[in-house]
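Chain by chain, the residues:
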Number of protein chains: 2
Amino acid sequence: MISVDDVTDSRLDDFRDLATADRRPDRPGGRGLVIAEGTVVVGRLLESRYPVRALLGVERRIGELDLSGVDAPAYVASADTMARVVGFHLNRGVLAVADRPVQPTAGEIIDGARVVAVLEGVQDHENLGSIFRNAAALGIDGVLLGAGCSDPLYRRSVRVSMGHVLRVPFATFDEWPNGLDQLRERGFTIAALTPRADAVSLRSLGDFERVAVLLGSEGPGLTPVALAASDLAVRIPMAGGVDSLNVATAAAVAFYELAGKLSSADGRYLGGAADPR
Amino acid sequence: MISVDDVTDSRLDDFRDLATADRRPDRPGGRGLVIAEGTVVVGRLLESRYPVRALLGVERRIGELDLSGVDAPAYVASADTMARVVGFHLNRGVLAVADRPVQPTAGEIIDGARVVAVLEGVQDHENLGSIFRNAAALGIDGVLLGAGCSDPLYRRSVRVSMGHVLRVPFATFDEWPNGLDQLRERGFTIAALTPRADAVSLRSLGDFERVAVLLGSEGPGLTPVALAASDLAVRIPMAGGVDSLNVATAAAVAFYELAGKLSSADGRYLGGAADPR
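Please read these numbers as outputs of a predicted model, since none were measured by experiment.

Chemist: Is there a simple way to explain the domain arrangement of chain A in this structure?
Modeler: Many analyses report the size of an interface as the accessible area lost when the parts associate. Residues and elements named next belong to chain A. Along its sequence, chain A is carved into domain 1 (2–98) and domain 2 (106–274). One C-alpha centre belongs to domain 1, the other to domain 2, and the line joining them spans 31 Å. On the domain 2 side, the residues contacting the 16 residues of domain 1 number 13 residues. Across the interface of domain 1 and domain 2, roughly 1,300 Å² is buried in total on both sides, 62% from carbon and sulfur atoms. Notably, a salt bridge pairs R155 with E37, separated by 3.3 Å at the nearest N-O pair.

Given below as structure tokens:
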């Protein structure tokens, strides 16, 4: 733990101007650093395989973290100094920054998974983060990104996901929608979630050996090519006159239902013996 | 349609300083006006039984609405005039304001319902609005408010609910948790949603004649008195190590599952013949 009170200290550069800095690796000057905010998310970062570069926080929040085994400096500053470095008042009181690890390939995720989410065109960072939070809670083994998705490691997605984007494995398909063939070759049923009235109700599905839930963006939904590349279209039964749920909420309902429809479910998803289905 | 360009025009007073005005009827000076923002939500307000007082919008957005049968003035202004009246730039471009109608009593909602949500301590306006949106989509007949909930008609709740707070009937229990007796007397099973490991999994529940889902706030959850007043504690089966879903997301999963467990379901909730369960 290192006290810092000089806002120009170059050791704090990773934390500077967070509201405007664009750290995406695919943008000019972007370094792709991963930012975690608040003790819960920073704690999940510390438990993850992401290489932590540094922490910055007020003394009380830094003190709430388990820093044993953390090989990175923890800078302690006043709330005012933090606000001037970061560019806004941070009421969560602690930040950590990490490099991106090498991500698994889509094939690696598919090999070890029984139920995955596949996203197309999900650009909204809050929806993306919420989908990862819901995936973690409901036992989804990995998230595969098709065309047009935002970066799950963008700061706001990390925050909204409650840090679960750092735990749920994800990968981007090299080809879209042809990458879906990798799923089908390994025995996955690809179920596209859509509000279309002619889709099969989620409630009436049978069991699956392995299943992929294909989710489109709120608004336009899945593209015709993605729908055509899926094995079946499924819908959440909706009350009359209501167009649709938020995409992350719809994802949660589908995750819940489909994770319960895995044949010979081993209890991993279902919470064990108390779940007879 | 009446053009207005004087920002001090008293006919626009209902729309003034929305970011700071507190319109709650239980606060000094609060008139309890209901504010709808954007064409979708304003459209739902116009279709509701709420007595509309006036609309204010830019010409293009006002033009997108069906104003036939609307007995209230529609003021058309420039985006700049609107921003100066409202107090911020409103990118949804149209507002409507309504009085509160007389709300049904808890007993009236219960009499006509088969599945209801009961909330305790849900103060966050976004969570409250999302719960109403999810309730509308998933066929919940009404929402009953126990102790400690915010006002569902607060501006942000109305917006986040996509206007469904204006459609899904709601009422506040006069007594808490004793009001729950009204549900039990009418044959409802009261299922309290909790992350507790000793609760029954949602998946293993049988059918119900009538069911009430009891939901607490994110964080503290249901109070011991509310849990004690319920008939059973139910949980969403969660993957290991993940504490919980957002309360509105958890509500959606519970609504989906419980609305499908109504015995002799008549298709109203389930989307008709395509849903055999």
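Past the structure itself, the notes keep going.
Chemist: Would you mind going over the packing of aromatic side chains with me for this structure?
Modeler: Centre-to-centre distance and the angle between the planes together describe a pair of aromatic rings. Tallied over the full model, the rule gives 4 aromatic pairs over all chains. When the ring of F132 of chain A is compared with that of F170 of chain A, the centres are 5.7 Å apart and the planes differ by 80°; the resulting orientation is edge-to-face. Here F132 of chain A is found in helix α5 (residues 125–137), whereas its partner F170 of chain A is found in strand β8 (residues 170–172), with 38 residues between them in sequence. Exposure class is identical for F132 of chain A and F170 of chain A. Each is buried. Here the guanidinium or amino end of R203 of chain A rests over the ring plane of Y256 of chain B, the centre of that ring lying 4.3 Å away.

Chemist: Could you clarify how one ought to interpret the sheet that holds strand β9 (residues 188–193) of chain A in this entry?
Modeler: What holds strands together in a sheet is hydrogen bonding between their backbones, with the strands either parallel or antiparallel. Residue and element names in this part refer to chain A. Strand order across the open sheet formed by 7 strands is β8-β7-β6-β11-β9-β12-β10, with parallel pairing between neighbours. Strands with a single pairing partner mark the edges of an open sheet, and in this sheet they are β8 and β10 (200–201). Of the strand pairs in this sheet, strand β6 (residues 115–119) and strand β11 (residues 210–215) are connected by 5 bridges, and their pairing is parallel. Across the sheet, the residue bridging to V118 is L214, located in β11. Across the sheet, helix α9 (residues 247–259) lies against β6, β9 and β11, angled at about 170° from β11, the strand it touches most.

Chemist: What am I meant to see in the environment of G219 of chain A here?
Modeler: With respect to the element layout, G219 of chain A can be found in the loop between β11 and α8 (224–228). Sequence-wise, G219 of chain A and G43 of chain A are 176 residues apart; in three dimensions their C-alpha atoms are separated by 34 Å.

Chemist: Sorry if this is basic, but what is going on with the sheet that holds strand β5 (residues 94–98) of chain A here?
Modeler: Residues and elements named next belong to chain A. Read from one edge of the open sheet, 5 strands run β1-β4-β3-β5-β2, paired in mixed fashion. Strands at the two margins of the open sheet, each flanked by one partner only, are β1 (2–3) and β2 (34–37). Where strand β3 (residues 52–57) meets β5, 5 bridges bridge the pair, whose relative direction is antiparallel. Within the sheet, the bridge partner assigned to A54 lies in β5 and is V97.

Chemist: I keep staring at unusual backbone geometry and nothing clicks. Help me out?
Modeler: Note on backbone geometry: most residues besides glycine have negative phi, and most peptide bonds are trans. Each neighbour pair has its own omega, and for W176 of chain A with P177 of chain A the value is 0°, a cis peptide bond. By secondary structure assignment, the location of P177 of chain A is in the loop between β8 and α7 (180–185). The phi dihedral of M162 of chain B is positive, around 60°, even though this residue is not glycine. Take M162 of chain B: it is sitting in the loop between α6 (155–160) and β8 (170–172). By relative accessible area, M162 of chain B is classed as partly exposed at 28%.

Chemist: Just checking my understanding: could you explain the packing of α5 of chain A against α9 of chain A for this structure?
Modeler: How two helices pack is summed up by the angle between their axes together with the distance between the axes. Residues and elements named next belong to chain A. Relative to each other, α5 and α9 sit at 20°, their axes nearing to 8 Å. With respect to each other, α5 and α9 are oriented roughly parallel. Crossing geometry of α5 relative to α9 is assigned as right-handed. Contacts between α5 and α9 involve N127, S130, I131, N134 and A135 from the former and V247, A248, A251, A252 and F255 from the latter. A per-class count over the contact of α5 with α9 returns 7 nonpolar, 3 polar and no charged.

Chemist: Got a minute to help me understand the environment of A171 of chain A in this structure?
Modeler: Residue and element names in this part refer to chain A. Its location among the elements puts A171 in strand β8. Judged by relative accessible area, which is 4%, A171 ranks as buried. With 29 residues separating them in the primary sequence, A171 and G142 have C-alpha atoms 8.3 Å apart. Apart from residues no more than four positions distant in its own chain, A171 is found in contact with P104, T105, A106, I109, V143, L144 and L145.

Chemist: Where do I start with the layout of surface pockets in this structure?
Modeler: Gaps left between atoms show up when a probe the size of a water molecule is rolled over them. The calculated volume of the largest pocket comes to roughly 1,300 Å³. Contributing to the lining of the largest pocket are 38 residues, with E126, S130 and V160 of chain A together with E126 and N246 of chain B lying nearest its centre. If you list the elements that add at least two residues to the lining of the largest pocket, you get α1 (38–47), α5, α6 (155–160) and α9 of chain A together with α1 (38–47), α5 (125–137), α6 and α9 (247–259) of chain B. Taken together, the residues that form the lining of the largest pocket break down as 10 nonpolar, 14 polar and 14 charged. In this model, the second largest pocket occupies a volume close to 380 Å³. Taken together, 21 residues form the lining of the second largest pocket, with T194, P195, S217, G221 and S244 of chain B sitting closest to its centre. Considered class by class, the residues forming the lining of the second largest pocket number 11 nonpolar, 7 polar and 3 charged.

Chemist: Explanation requested: the side chain of D9 of chain B in the structure shown.
Modeler: All names here are of chain B. With respect to the helices and strands, the residue D9 is situated in the loop between β1 (2–3) and β2 (34–37). Note on D9: relative accessible area 15%, which makes it buried. A distance of 2.8 Å separates polar atoms of two side chains, one belonging to D9 and the other to R11. Among all residues touching D9, those that are not within four sequence positions of it are V4 and R16.

What counts as what
- Residues numbered from 1 in each chain as written.
- Chains lettered and ligands numbered in written order.
- Predicted model: local features only at pLDDT ≥ 70, side-chain atom pairs only at ≥ 80, totals over all residues.
- Heavy atoms only, no water.
- Domains from an automatic or database assignment.
- Contact = heavy atoms within 4.5 Å.
- Buried area = accessible area lost by both parts, 1.4 Å probe.
- Salt bridge = Lys/Arg side-chain N within 4 Å of Asp/Glu carboxyl O.
- Phe/Tyr/Trp six-rings, centres within 6.5 Å; stacked < 30°, edge-to-face > 60°.
- Helix = DSSP H or I, 4+ residues; strand = E, 2+ residues; numbered from the N terminus.
- Buried < 20%, exposed > 50% of the residue type's maximum accessible area, 1.4 Å probe, protein only.
- Lys NZ or Arg CZ within 6 Å of the ring centre and 35° of its normal.
- Pairing = 2+ DSSP bridges.
- Axes fitted to C-alpha atoms, helices over the stretch in contact; angles between N-to-C directions.
- Parallel < 35°, antiparallel > 145°, perpendicular 65-115°, else oblique.
- Left-handed = near helix turned anticlockwise from the far one by under 90°.
- Nonpolar A, V, L, I, M, F, W, Y, C, P; charged D, E, K, R; others polar.
- 1 Å grid on protein atoms, 1.4 Å probe; cavity = no way out; pocket = protein on both sides within 12 Å on 5 of 7 lines; lining within 4 Å.
- Points joined across faces, edges and corners; volume = space filled by probe spheres on them.
- Polar contact = N/O pair within 3.5 Å; in protein donor to acceptor, adjacent residues only side chain to side chain.

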